[in-house]
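Understanding the architecture of this molecule
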Amino acid sequence: MGSRYISIVVLLMISACGTSEEQLARRAEKIHESILTVDTHCDTPMDFRDPEFDMGVRHDDGCVDFPKMKEGGLHSEFFAVFTGQGARNDSAFNKVHTDALFIFNAIHKNVEKNSSIAEIALTADDAYRIRENGKIAAFIGVENGYPIGLDLMKVKEYYDLGARYITLCHTRNNDICDSSNDPAGPESNGLSEFGKQVVREMNTLGMMVDVSHISDKSFYDVLAVSKAPVIASHSSSRALCCNPRNLSDDMLLALKQNGGVIQICLLSAYLRTMEPNPEMETKLNELRAKYGDYDTISSEVRKSQMREEFRGIRKKYEKLATVSDIVDHIDHVVQVIGIDYVGIGTDFDGGGGVEGCKNAAEVKNITIELLRRGYSKKDIEKIWSGNIMRVLRQVEKTAEKA
Ligand SMILES: [Zn+2]
């Protein structure tokens, strides 16, 4: 081998090593330019109670707005109509129904106000078409089935308003099913009779059933009832972080059987078992002492004050997980059930966001880490959109047949 040839090889090697990070960033950039990227959960609409809030403007705090999405190459987002679980009687159901309609309306208004850059998506085809036109595809999901109350007709009402998934419950049991986090323990032994009707109605209409937040028994009950694949819109792997909110390996295997998808959540406490953080706990306890339980606060003003202070405390004291932790969870799911059943549901503006990926402008760092670990473009496309869009299409088909 001639010395000239060797020096060319050495030169090539040096230039390849010296720029490998840049190369990864460039490859990630290119991938985001050519695929659809979808995040299946953000709680940004909680900010829409402020009539001045405009998704078209870049906000200093807050994780999601249209400019940040553009910056990060995030093309589609499921905006959550979230309501905290409260009392379960007629007047409470009326109130939460009104609240839900208010949030639906605020999402639509924010998208209409920015119609040159965003559009509501109702189907998988919509998402690809809107992305093709260079706009942001805004989906709607309902987090917590509480505003259904005991009225099955409400499911269609929310579908007609654009919702394409419903997370059956939140951190407390409701009339649909048991939660994974209710300190009171199980109440319906999983999915209630009414809950079964809700799941069937969602199958008939073409809405994805979201199993995030629900108890293990509720999860298996849903799989037994649902005729279509289900999603966990923002959940992580229990094998890596033991939290009842996360899915165990057995649950992952059942999810694969069902053809569904788990969307890894970017909330630090669901990604990594955190060291005790007494400073933050003290501050959060003080906050709870001052305002009471968030879910039961009646005044919207106090609610948003508490939310703001809560954010401030977390910003100051929380030790965040990292992008590497997110991809550890993706790796784990891929090892247990394969590449076709995993995606990303950030939970941005609901506590989601890690070191290196704190907001929508930084999601490309996940892609960079996936590339670093050897995932192909095809794999990355599945993670960012292919898997969730396959499920949505399947759900649409099941509804057509109903
Ligand atoms: Zn949630």
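Notes on the structure in this doc start here.

What counts, and at which threshold
Residues numbered from 1 in each chain as written. Predicted model: local features only at pLDDT ≥ 70, side-chain atom pairs only at ≥ 80, totals over all residues. Heavy atoms only, no water. 1 Å grid on protein atoms, 1.4 Å probe; cavity = no way out; pocket = protein on both sides within 12 Å on 5 of 7 lines; lining within 4 Å. Points joined across faces, edges and corners; volume = space filled by probe spheres on them. Nonpolar A, V, L, I, M, F, W, Y, C, P; charged D, E, K, R; others polar. Donors = N, O, S within 2.8 Å, 3.2 Å for Na, K, Ca; no water. Helix = DSSP H or I, 4+ residues; strand = E, 2+ residues; numbered from the N terminus. Buried < 20%, exposed > 50% of the residue type's maximum accessible area, 1.4 Å probe, protein only. Expected span 1.5 Å × (residues − 1). Contact = heavy atoms within 4.5 Å.

Inspection of the entire model under this criterion finds 2 cavities of 30 Å³ or more. Each pocket or cavity is described by its volume, and for the largest cavity that value is around 40 Å³. What lines the largest cavity is Val-211, Ser-212, His-213, Ile-214, Asp-216, Phe-219, Arg-238, Pro-244, Arg-245, Asn-246, Leu-247 and Met-251. Looking at the lining of the largest cavity residue by residue, the class counts come to 6 nonpolar, 3 polar and 3 charged. In terms of lining, the second largest cavity is formed by Thr-44, Asp-47, Phe-53, His-59, Asp-61, Gly-62, Cys-63, Val-64, Asp-65, Lys-68 and Asp-349. Grouping the amino acids of the lining of the second largest cavity by side-chain chemistry returns 3 nonpolar, 3 polar and 5 charged.

Let us now look at the coordination of the zinc ion. Donor atoms from the polypeptide that bind the zinc ion are Glu-143 (OE), His-213 (NE2) and His-234 (NE2), placed at 2.0 to 2.2 Å. Along the chain, the residues donating to the zinc ion are arranged with the sequence spacing E-x69-H-x20-H. Residue Glu-143 is located in strand β4 (residues 136–143), and its partner His-234 is located in the loop between β7 (231–232) and α9 (249–258); the two are separated by 91 residues in the primary sequence. Classification of Glu-143 by relative accessible area gives buried; the value is 2%. On the basis of relative accessible area, His-234 is assigned to the buried category, the value being 0%.

Note that an α-helix has 3.6 residues per turn; residues three or four places apart therefore point the same way. In this model helix α13 (residues 323–337) runs 21 Å from its N-terminal to its C-terminal C-alpha over 15 residues, within 8% of the 21 Å that 1.5 Å per residue would give. Residues of α13 that are buried include every one of Val-323, Asp-325, Ile-326, Val-327, His-329, Ile-330, Asp-331, His-332, Val-333 and Ile-337, and no others. Among the structural elements, α9, β8 (261–265), α10 (268–271), β9 (342–345), α14 (364–372) and α15 (377–401) are those in contact with the buried residues of α13. Following α13 by one or two positions, Gly-338 has its phi on the positive side, about 100°.

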